[in-house]
Amino acid sequence: MNRHLKQIEANALAVRTKYREELEDARQLLAAPGVSVVAVRRPWAVGQKGRVLGVFENQARVDFDGKVLTVPLSAIARAEGLPDCAAANITYKVAWIKMNSGEFLS
């Protein structure tokens, strides 16, 4: 019986570690105050870099070279080629739910 409990504990630790890594990876893609972002959708200048001043629900206040604009999260990304910040926000929430629910949502 003891061997089975150790196997269950090891499996639970592996699953929890996997979800923690997913959560950290998703966190790196979020828009947050002070991080650099790039515009990825028109009507904003695609490729223009800016710094996030604040995030509100589905929008971010971004300073593009002295010009402060309110931009939807779907129009900015942490870097070119990465998912936009709205998709990253959804991915982060899913990872957080998985992390806190155990392996039941695998």
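Remember, it's a predicted structure, so these values are computed and weren't measured experimentally.

Chemist: Describe helix α2 (residues 85-101), listing the residues and the values that go with them.
Modeler: When the terminal C-alpha atoms of α2 are compared, their 24 Å separation across 17 residues agrees well with the 24 Å that a helix rising 1.5 Å per residue should span. Within the sequence span of α2, burial applies to Cys85, Ala88, Asn89, Tyr92, Ala95 and Met99. All buried residues of α2 fall inside an arc of 130 degrees around its axis, so they share one side. Of the surrounding secondary structure, the elements contacted by the buried residues of α2 are α1 (2-27) and β5 (76-77). One side-chain oxygen at the N-terminal end of α2 lies 3.0 Å from the backbone nitrogen of Ala86; it belongs to Asp84.

Chemist: Which residues make up the environment of Tyr92, and what values go with them?
Modeler: Among the secondary structure elements, Tyr92 is positioned in helix α2. Classification of Tyr92 by relative accessible area gives buried; the value is 19%. Apart from residues no more than four positions distant in its own chain, Tyr92 is found in contact with Leu23, Ala26, Arg27 and Leu30.

Chemist: Give a description of α1 that names residues and reports values.
Modeler: Taking 1.5 Å of rise per residue, the 26 residues of α1 would be expected to cover 38 Å, and the 37 Å separating its terminal C-alpha atoms lies within 8% of that figure. For α1, the full list of buried residues reads Val15, Tyr19, Leu23 and Ala26. Check the buried side of α1 and you find it contacts α2.

Chemist: Which residues make up the pairing of strand β1 (residues 36-39), and what are the values?
Modeler: Where β1 lies against strand β2 (residues 49-56), three bridges are found, and the strand directions are antiparallel. Looking at β2, one finds that Ser36 is bridged to Arg51.

Chemist: Summarise the pairing of strand β4 (residues 67-72); cite the residues concerned and give the values.
Modeler: As judged from the six bridges shared by strand β3 (residues 59-64) and β4, these two strands associate in the antiparallel manner. Residue pairing in the sheet places Gln59 in a bridge with Pro72 of β4.

Chemist: Can you break down the sheet that holds β4 residue by residue, with the values?
Modeler: Taken together, five strands build an open sheet; the order of strands is β4-β3-β2-β1-β5 and the sheet is antiparallel. Each having just a single partner strand, β4 and β5 make up the two edges of the open sheet. Sheet topology places β2 next to β3; five bridges connect them, and they run antiparallel. Its bridge partner being in β3, Phe56 is matched across the sheet by Gln59.

The rules we used
Residues numbered from 1 in each chain as written. Predicted model: local features only at pLDDT ≥ 70, side-chain atom pairs only at ≥ 80, totals over all residues. Heavy atoms only, no water. Helix = DSSP H or I, 4+ residues; strand = E, 2+ residues; numbered from the N terminus. Expected span 1.5 Å × (residues − 1). Buried < 20%, exposed > 50% of the residue type's maximum accessible area, 1.4 Å probe, protein only. Arc of directions from axis to C-beta. Contact = heavy atoms within 4.5 Å. Polar contact = N/O pair within 3.5 Å; in protein donor to acceptor, adjacent residues only side chain to side chain. Pairing = 2+ DSSP bridges.

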